[in-house]
Amino acid sequence: MSLSEPVGSQAPHLVIRSQPVDGVSAQLMDHLPAEGGLAWVRRGDGHVGWGVAARLDIAGGNRFQEAIAWWKELVAAAVVRDEVGVPGSGLLCFGSFGFTDEDLSQLVVPEVIIGRRGGTTWVTTVSPASSLAAPPELVTHEPSPVHDIAFSDGARSGTDWSSIVADAIKRITGGELDKVVLARDLIAIAEQPIDLRWPLRQLASAYPNCWTFSVDGLIGATPELLVRREKGLITSRVLAGTIRRTGDDAHDLALAASLARSSKDLEEHEFAVRSVADALKPHCTSMNVPETPFVLHLPNVMHLATDVAGVAANGASALGLAAALHPSAAVCGTPTDLARDLIGEIEGMRRGRFSGPVGWLDAAGDGEWCIALRCGQADPDDPRRMRLFAGAGIVAGSDPVAELAETNAKLVPMRDALGD
Ligand SMILES: C=C(O[C@H]1C=CC=C(C(=O)O)[C@@H]1O)C(=O)O
């Protein structure tokens, strides 16, 4: 565990001020500086931030608990003047967690946050107790387009990945486990350093119903809400079961109907819904888990989707709930431990923060945590390079070739955003 400042076990003492503002660009992300921008945007609302007022980098089996403890300590020591008073105003951190215990996770409290919710836009400044920050001048920046991008295989070629999927199917039909989610990566290399604001902007405009995020070099537009906690209401959008879109509306409607009837996809989906409902149950006094999924239409794919809702039974924060949910069967499998072991044994790559929780948390414990899907990780050692990720849920009825095609469809948002 490492703390930004002061060094030691104590969280820093911060002074926070949130004030409504005018004159903010229609797109929050237009304000992001070239380096170190943080973003969480959906349909124009959300938060962007920059600068580092406090930061926790952490790994290990206790990473969630230690992060929650660090945040509580930081909140307790903070002096907050919040003139906005909505979830996300006042003190807020962005965060992103590794899929496995070994992968590095972090929470970041920016020095400046611009937030928007409904018609209200505000600016939050965060500074050390000793120096009160003046409200920043809000300027907009134009990102540099990405040119000449090339893609190559990551840890495995598509063919090799399909044979791993075939192996997993054998092990599932042999009774070892019910479901496993296997992922692959693709390497993107540009001629020049990639300005992450460029793909972010493309993602936010092409996928307005997804959550477009940027945390410490991990960027993407994910459709899957692991958990939102807002004033005692807990919600989660579970996705599993996918079909590619063709671009022909009539054909896509027929495909949506076939997805809704596909026993293979319904089984895959049911495992994911069960894992979320079981994990949330101890934290809810009442819960609504619809029996039948709906079909979520995205520009590249359609998913079976279930919106789970519950009333909070205890003080578990949004991050505490995300910790209880991770890894759900939408990204790991069923039973969880066997699926996690199989992923470690055959997937052949480190996921890093792909398929881990990504989101934000405020001082009241409200926040939103999605699953980091449809995303890419900027290479910290080579700014021209990114690793893109996609996975697919494998059950007994899976077909390796179809699963490979599904991962290709899930890579489309990032490939397009990079200008492929
Ligand atoms: C693992 C991914 O998707 C998950 C979420 C939605 C649908 C899924 C599926 O149908 O396989 C996956 O469980 C990914 O996008 O990389």
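Reading the values: rules and limits
- Position labels on residues start from 1 in each chain and follow its written sequence.
- Thresholds applied to this predicted model are a pLDDT of at least 70 for local features of residues and 80 or more for the giving and counting of side-chain atom pairs; totals over whole chains, interfaces and linings are not thresholded and use all residues.
- Think of it as a crowd count around each C-beta: if 20 or more other C-beta atoms lie within 10 Å the residue is buried, if 12 or fewer it is exposed, and in between it is partly exposed, with C-beta placed from the backbone throughout.
- Runs of H or I in DSSP of at least four residues are treated as helices and runs of E of at least two as strands, each being numbered from the N terminus.
- Whether two strands pair comes down to DSSP finding at least two bridges between them.
- To estimate how far a helix should extend, the number of its residues minus one is multiplied by 1.5 Å.
- Distance between backbone-placed C-beta atoms decides contact: two residues are in contact if it is within 7 Å.
- Placing a C-beta atom from the backbone of each residue, we mark the residue near a molecule or strand if the atom is within 6 Å of it.
- In this classification, Asp, Glu, Lys and Arg are treated as charged, Ala, Val, Leu, Ile, Met, Phe, Trp, Tyr, Cys and Pro as nonpolar, and every other residue, Gly included, as polar.
- Angles run from 0 to 180 degrees between N-to-C directions of axes, and those axes are lines fitted to C-alpha atoms, restricted for helices to the stretch in contact.
- Throughout this description, any angle smaller than 35 degrees is read as roughly parallel, any larger than 145 degrees as roughly antiparallel, any in the 65 to 115 degree range as roughly perpendicular, and the remainder as oblique.
- Here a crossing is called left-handed whenever its near helix is offset anticlockwise from the far helix by less than a right angle, and right-handed whenever the offset is clockwise.
- UniProt positions are given in the numbering used here, feature names are shortened, and annotations may be inferred rather than shown by experiment.

**Considering the pairing of strand β15 (residues 225–230)**
Where burial is concerned, most of β15 is hidden: five out of the six residues are buried. The pairing of β15 with strand β22 (residues 367–371) spans four bridges and is antiparallel. Looking across to β22, one finds that Arg-228 is bridged to Glu-368. Across three bridges, β15 lies against strand β16 (residues 233–244) in antiparallel orientation. Paired with Arg-229 across the two strands is Ile-234, which belongs to β16. Here β15 hands over to β16 after two residues, with Lys-231 in that stretch at a positive phi of 50°.

**Side note on helix α5 (residues 263–280)**
For an α-helix, the turn length of 3.6 residues means that residues three or four places apart are oriented alike. The end-to-end C-alpha separation of α5 is 26 Å, in line with the 26 Å expected for 18 residues at 1.5 Å each. For α5, the complete set of buried residues consists of Asp-265, Glu-268, His-269, Glu-270, Phe-271, Ala-272, Val-273, Ser-275, Val-276, Ala-279 and Leu-280.

**Let's talk about helix α3 (residues 197–206)**
The buried fraction of α3 is high, at seven of 10 residues. When α3 is considered as a whole, its buried residues turn out to be Arg-197, Pro-199, Leu-200, Arg-201, Gln-202, Leu-203 and Ala-204. Looking at the packing, one finds that the buried side of α3 touches β3 (38–42), β13 (211–215), β14 (218–222) and α8 (400–417).

**Comments concerning the environment of Ser-89**
Residue position: Ser-89 is located in the loop between β6 (79–82) and β7 (92–96). Residue Ser-89 is classed as buried on the basis of its C-beta count, with 25 C-beta atoms lying within 10 Å. Taking the C-alpha atoms as reference points, Ser-89 and Leu-38, 51 residues apart in sequence, are found 15 Å from one another.

**Focus on the site of the ligand**
In the neighbourhood of the ligand, 17 residues make up the surrounding shell, with Leu-239, Thr-242, Leu-373, Gly-391 and Gly-393 lying closest. Listed by contribution, the elements that provide at least two residues to the shell around the ligand are β12 (179–189), β16 and β24 (385–394). When its residues are assigned to classes, the shell around the ligand shows nine nonpolar, five polar and three charged.

**What to know about the packing of helix α2 (residues 158–173) against α8**
α8 packs onto α2 with a crossing angle of 125° between their chain directions and a minimal axis gap of 9 Å. In terms of orientation, α2 lies oblique with respect to α8. Crossing hand, α2 versus α8: right-handed. Two secondary-structure elements touch here, α2 through Gly-158, Trp-161, Ser-162, Val-165 and Ala-166 and α8 through Pro-400, Val-401, Glu-403 and Leu-404. In terms of residue class, the contact of α2 with α8 is made up of six nonpolar, two polar and one charged.

**So, the UniProt feature "domain: Chorismate-utilising enzyme C-terminal" (unreviewed entry) in the chain**
As recorded in UniProt, the sites labelled "domain: Chorismate-utilising enzyme C-terminal" (unreviewed entry) are residues 159–410. Each end of residues 159–410 is marked by a C-alpha atom, and these two atoms are 17 Å apart; helix forms 34% of the span and strand 35%.

**Let's talk about unusual backbone geometry**
With an omega of -5°, the peptide bond running from His-326 to Pro-327 counts as cis. Along the chain, the position of Pro-327 falls in the loop between α6 (318–325) and β20 (333–334). Put simply, Thr-334 and Pro-335 share a cis peptide bond, and its omega is -15°. Mapped onto the fold, Pro-335 is located in the loop between β20 and α7 (336–346). Even without glycine at this site, Asp-148 takes up a positive phi of about 50°.

**Examining the environment of Ala-318**
Tracing the chain through its elements places Ala-318 in helix α6. On a C-alpha basis, the gap between Ala-318 and Gly-367 in space is 5.3 Å, while along the polypeptide they are 49 residues apart. When sequence neighbours within four positions are dropped, the list of residues in contact with Ala-318 reads Val-227, Arg-228, Arg-229, Leu-361, Gly-365, Asp-366, Gly-367, Glu-368 and Trp-369.

**Examining the pairing of strand β4 (residues 45–50)**
Judged by how many residues are buried, β4 sits mostly within the fold: five of six residues are covered. Two strands pair when backbone bridges link them, and β3 and β4 are joined in this way by five bridges, in the antiparallel orientation. Within β4, the residue paired with Leu-38 across the bridge is Gly-49. Hairpin connection, β3 to β4: the antiparallel pair is bridged by two residues, and Arg-43 has positive phi, about 50°. As defined by bridge partners, β4 adjoins strand β9 (residues 112–117) across five bridges and the pair is classed as antiparallel. Bridge pairing in β9 links His-47 to Gly-115.

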